[in-house]
Amino acid sequence: MIVRATAGTVGGCPYREAMTTAGVHVHPAERADVLADALAEVLARPLADPFVAEVVAVPARGVERWLAQRLAPRLGAPGGDGICAGVAFRSPAALVAEA
């Protein structure tokens with residue numbers, strides 16, 4: 001499951017213009033490669049502030065490494081420069097602790 005927290009308005013809420021809390025995007029799927037492709041599409045749209053990192057929840061360091069390698073060719077410069085930058089991978093426990 002991909003969970004993406006975004007700053008600004010909460011998407012999908014009828015009162016989203018008035019809300020300033022972080023939003024969470026959840027993408028369910030049975031296969032990890034499908035989730036990675038969906039995440040690459042989401043991360044391809046940059047945030048308004050280029051110095052803010054995208055936060056992605058991962059269950060383990062191995063998943064973090066695999067996901068970074070999977071995302072690298074699809075993010076960055078046109079033609080795929082092989083760099084996955086501006087993404088902060090956090091464990092679910094770390095996300096709860098930071099909240």
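The rules behind these values
Residues numbered from 1 in each chain as written. Predicted model: local features only at pLDDT ≥ 70, side-chain atom pairs only at ≥ 80, totals over all residues. Heavy atoms only, no water. Helix = DSSP H or I, 4+ residues; strand = E, 2+ residues; numbered from the N terminus. Buried < 20%, exposed > 50% of the residue type's maximum accessible area, 1.4 Å probe, protein only. Salt bridge = Lys/Arg side-chain N within 4 Å of Asp/Glu carboxyl O. Axes fitted to C-alpha atoms, helices over the stretch in contact; angles between N-to-C directions. Parallel < 35°, antiparallel > 145°, perpendicular 65-115°, else oblique. Left-handed = near helix turned anticlockwise from the far one by under 90°. Contact = heavy atoms within 4.5 Å. Nonpolar A, V, L, I, M, F, W, Y, C, P; charged D, E, K, R; others polar. Arc of directions from axis to C-beta. pLDDT = per-residue confidence, 0-100.

**Brief notes about the environment of Phe-51**
Move 1: Within the element layout of this structure, Phe-51 appears in the loop between α1 (32–43) and β3 (54–57).
Move 2: On the basis of relative accessible area, Phe-51 is assigned to the exposed category, the value being 77%.
Move 3: With 35 residues separating them along the chain, Phe-51 and Gly-86 place their C-alpha atoms 7.7 Å apart.

**Observations concerning the pattern of salt bridges**
Move 1: Scanning the entire structure with this criterion turns up 5 salt bridges.
Move 2: Notably, a salt bridge pairs Arg-31 with Asp-33, separated by 2.5 Å at the nearest N-O pair.
Move 3: On the basis of relative accessible area, Arg-31 is assigned to the exposed category, the value being 51%.
Move 4: Between Asp-37 and Arg-74 there is a salt bridge; the shortest N-O distance is 3.2 Å. Pair noted here: Asp-37 is in helix α1 and Arg-74 is in the loop between α2 (61–71) and β4 (87–90), with a separation of 37 residues, a long-range link.
Move 5: Overall, the relative accessible area of 43% leaves Arg-74 in the partly exposed class.

**Let's talk about the packing of α1 against α2**
Move 1: Axis separation between α1 and α2 bottoms out at 10 Å; the angle between their running directions is 55 degrees. When the axis of α1 is compared with that of α2, the two are oblique. α2 is crossed by α1, and the crossing has right-handed handedness. Residues Ala-32, Asp-33, Ala-36, Asp-37, Leu-39, Ala-40 and Leu-43 of α1 pack against Trp-66, Leu-67, Arg-70 and Leu-71 of α2.
Move 2: For the contact of α1 with α2, a count of residues per class yields 8 nonpolar, no polar and 3 charged.

**Section: α2**
Move 1: Along α2, the residues classified as buried are Glu-64, Leu-67 and Leu-71. Angularly, the buried residues of α2 cover 70 degrees about the axis, an arc narrow enough to put them on a single face. Opposite the buried face of α2, at more than 90 degrees from it, the exposed residues are Arg-65 and Gln-69.
Move 2: If you follow the buried residues of α2, they end up packed against α1, β3 and β4.

**A word on the confidence of the model for the protein chain**
It should be kept in mind that the predicted coordinates are not to be read in detail where pLDDT is low.
Move 1: Looking at the protein chain, the pLDDT average stands at 77 and 74% of residues meet or exceed 70.
Move 2: Of all secondary-structure elements in the protein chain, the lowest mean pLDDT belongs to strand β1 (residues 2–6), at 49, while α2 reaches the highest, 94.
Move 3: The low-confidence segment residues 5–21 (pLDDT under 50) makes 19 contacts with residues lying over four places distant or belonging to another chain.

**Describing the environment of His-27**
Move 1: On the secondary structure map, His-27 appears in strand β2 (residues 23–27).
Move 2: Taking the C-alpha atoms as reference, His-27 lies 8.4 Å from Leu-39; in sequence the two are 12 residues apart.

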